[in-house]
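Residues per chain, in single letters:
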There are 2 protein chains.
Amino acid sequence: MIMSAQTHLVHQFDEDLDELKHLLYSMGDLVTEQINNATKAFRTGDIDLAQSVKDRDAAINALEVSTDRCATLLIAKHQPTATDLRFVFGIAKMATDFERMGDQARNIARASRDDIPEELIEALAKTNIVESTIKTVNLAMLALKNLSETAAVNTLRSDGDVDSAFRDGIKVVTVYLKEHPDDVEKALACLDLLKAYERLGDHATNIAEHVIFILDGEDIRHLRLDALPENLTKLS
Amino acid sequence: MIMSAQTHLVHQFDEDLDELKHLLYSMGDLVTEQINNATKAFRTGDIDLAQSVKDRDAAINALEVSTDRCATLLIAKHQPTATDLRFVFGIAKMATDFERMGDQARNIARASRDDIPEELIEALAKTNIVESTIKTVNLAMLALKNLSETAAVNTLRSDGDVDSAFRDGIKVVTVYLKEHPDDVEKALACLDLLKAYERLGDHATNIAEHVIFILDGEDIRHLRLDALPENLTKLS
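Because the structure is predicted, anything quoted here is derived from the model rather than measured.

### With respect to the relation of the copies chain A and chain B
- The two copies are related by a screw operation: chain A maps onto chain B through 180° of rotation and 0.0 Å of translation along the axis, at an RMSD of 0.0 Å. When the rotation and shift are considered jointly, the pair of chain copies conforms to a two-fold rotation axis.

Structure representation (structure tokens):
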């Protein structure tokens, strides 16, 4: 069966959109892997692994450039409107978030050193900031890949745990600094680390907000969690 | 004279683009004002002024939402291609940067307290981080409003001074922390402050890179300053 010109165009649009989604998902997968490796490097003081995370950041940056190029080409070629345009636009915005998440994984790798006192590592581990952040990022990826509003709303809630763990972590470092003024550099590395996880949670939140925008056309970026529209609060 | 349909469309496109630019410039102007006020609040320990900066951040967030809405509407309505599309796309990306710059101004305001020791304020002032950052942000605004490649390249160079001042600032705080373990909270507020200026410089750099992309179609976001294309290095 020969396709009509119209069918062909729709088919071509779907293919181009798939390519664009593939680029964005690749960014997300690579970012997730970088976060996991950077976390491992920090926890074990593995300086080689930390270096490999720093080296691979360039691959995420290159994917951002490709994603943006692909998005503008798709718009120019197919001139999408309504939901399709919102999707393409959202993808370009999410690419920026993933690129910044890559920077934060690099920051975690940079903060890795093999002489962080055990006492400090254990106190920070109790805040669960790493687990909360990785959970939040995974929820955002789920929201994106499944275009799931429920996962998106759960991402926002999960980021609340990251923020709370962050505040606990700051207290841990503050107390440690008062008691060990000679260990300032090590404590500041932990502060950089905490900040990186906290920012990762924020970017995951942005991803979730873009997913909601794509699905609903509802821009909730600057609303408080308790001021979400009713259709969304019911999901949680 | 009655306009032809074609002329009318072009005219309408120009009007819509002007509205979009106006929204983005308003964000930029408001961000610049917020940075100046936050800086003043920190320097003078003016807690009321700090509060007003925090309160006004919502206006920047609202402008981001309006800018994005205006950009997608413009694309859907006029289906721009090539340079025009790159411009509209670039505006949407820059809106994200301005929104984050607003957050950094708020962070400076948050870090403001009226009990930072004079000795620490003076030592940080010597790094010139505030002057370097404000210069970098002003250059980025100039690059944007005049679509000036020269101003854009100068923004990138100026951010080098911010980064260098940031490193000096970290050293100042590190030394201070070792000598005054009881002043941890005050020193950490200064660290938040330094970080905020450093991030402002990064966002100004992003703006400049988007301007270059709009003008040249050249994506230089992840190139080192010494690896810029020859046509750009000649400008500096």
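### Regarding the packing of aromatic side chains
- Considering all chains together, one arrives at 1 aromatic pair over all chains under this definition.
- One Lys or Arg, R86 of chain A, reaches over the ring of F213 of chain A and ends 5.8 Å from the middle of that ring.

### Let's talk about the nonpolar core
- Formed by 145 residues in total, the largest nonpolar core has its most connected members in F98 of chain A together with F98 of chain B.
- Setting aside residues no more than four positions away along its own chain, F98 of chain A makes contact with L24, M27, G28, V31, I60, M141, L144 and I207 of chain A.

### Examining the domain arrangement of chain A
Residue and element names in this part refer to chain A.
- Examined at the domain level, chain A breaks down into domain 1 (12-114) and domain 2 (115-231).
- Taking the mean C-alpha position of each, domain 1 and domain 2 sit 18 Å from one another.
- Taken together, the contacts link 26 residues of domain 1 with 32 residues of domain 2.
- The contact between domain 1 and domain 2 buries some 2800 Å² in all, and 70% of this surface belongs to carbon and sulfur atoms.

### Details of the environment of D161 of chain A
All names here are of chain A.
- Along the chain, D161 falls in helix 6 (residues 149-179).
- Judged by its relative accessible area of 42%, D161 falls in the partly exposed class.
- As a C-alpha pair, D161 and E198 span 37 residues in sequence and 9.9 Å in three-dimensional space.

### A word on the pattern of salt bridges
- Applying the stated criterion to the full structure yields 30 salt bridges over all chains.
- In this structure, D16 of chain B and K77 of chain B form a salt bridge, with 2.8 Å as the shortest nitrogen-oxygen distance. With D16 of chain B in helix 1 (residues 5-44) and K77 of chain B in helix 2 (residues 47-78), this pair connects stretches of sequence that are 61 residues apart.
- In this structure, K186 of chain B engages D183 of chain B in a salt bridge whose closest nitrogen and oxygen atoms are separated by 3.5 Å.
- On the basis of relative accessible area, D183 of chain B is assigned to the buried category, the value being 16%.
- When salt bridges with common partners are traced through the structure, they connect D57, D103 and R106 of chain A into a single cluster.

Each value, and the rule that gives it
Residues numbered from 1 in each chain as written. Chains lettered and ligands numbered in written order. Predicted model: local features only at pLDDT ≥ 70, side-chain atom pairs only at ≥ 80, totals over all residues. Heavy atoms only, no water. Least-squares fit on C-alpha atoms with pLDDT ≥ 70 in both. Phe/Tyr/Trp six-rings, centres within 6.5 Å; stacked < 30°, edge-to-face > 60°. Lys NZ or Arg CZ within 6 Å of the ring centre and 35° of its normal. Core = buried A, V, L, I, M, F, W, Y, C linked by side-chain atoms within 4.5 Å. Buried < 20%, exposed > 50% of the residue type's maximum accessible area, 1.4 Å probe, protein only. Contact = heavy atoms within 4.5 Å. Domains from an automatic or database assignment. Buried area = accessible area lost by both parts, 1.4 Å probe. Helix = DSSP H or I, 4+ residues; strand = E, 2+ residues; numbered from the N terminus. Salt bridge = Lys/Arg side-chain N within 4 Å of Asp/Glu carboxyl O.

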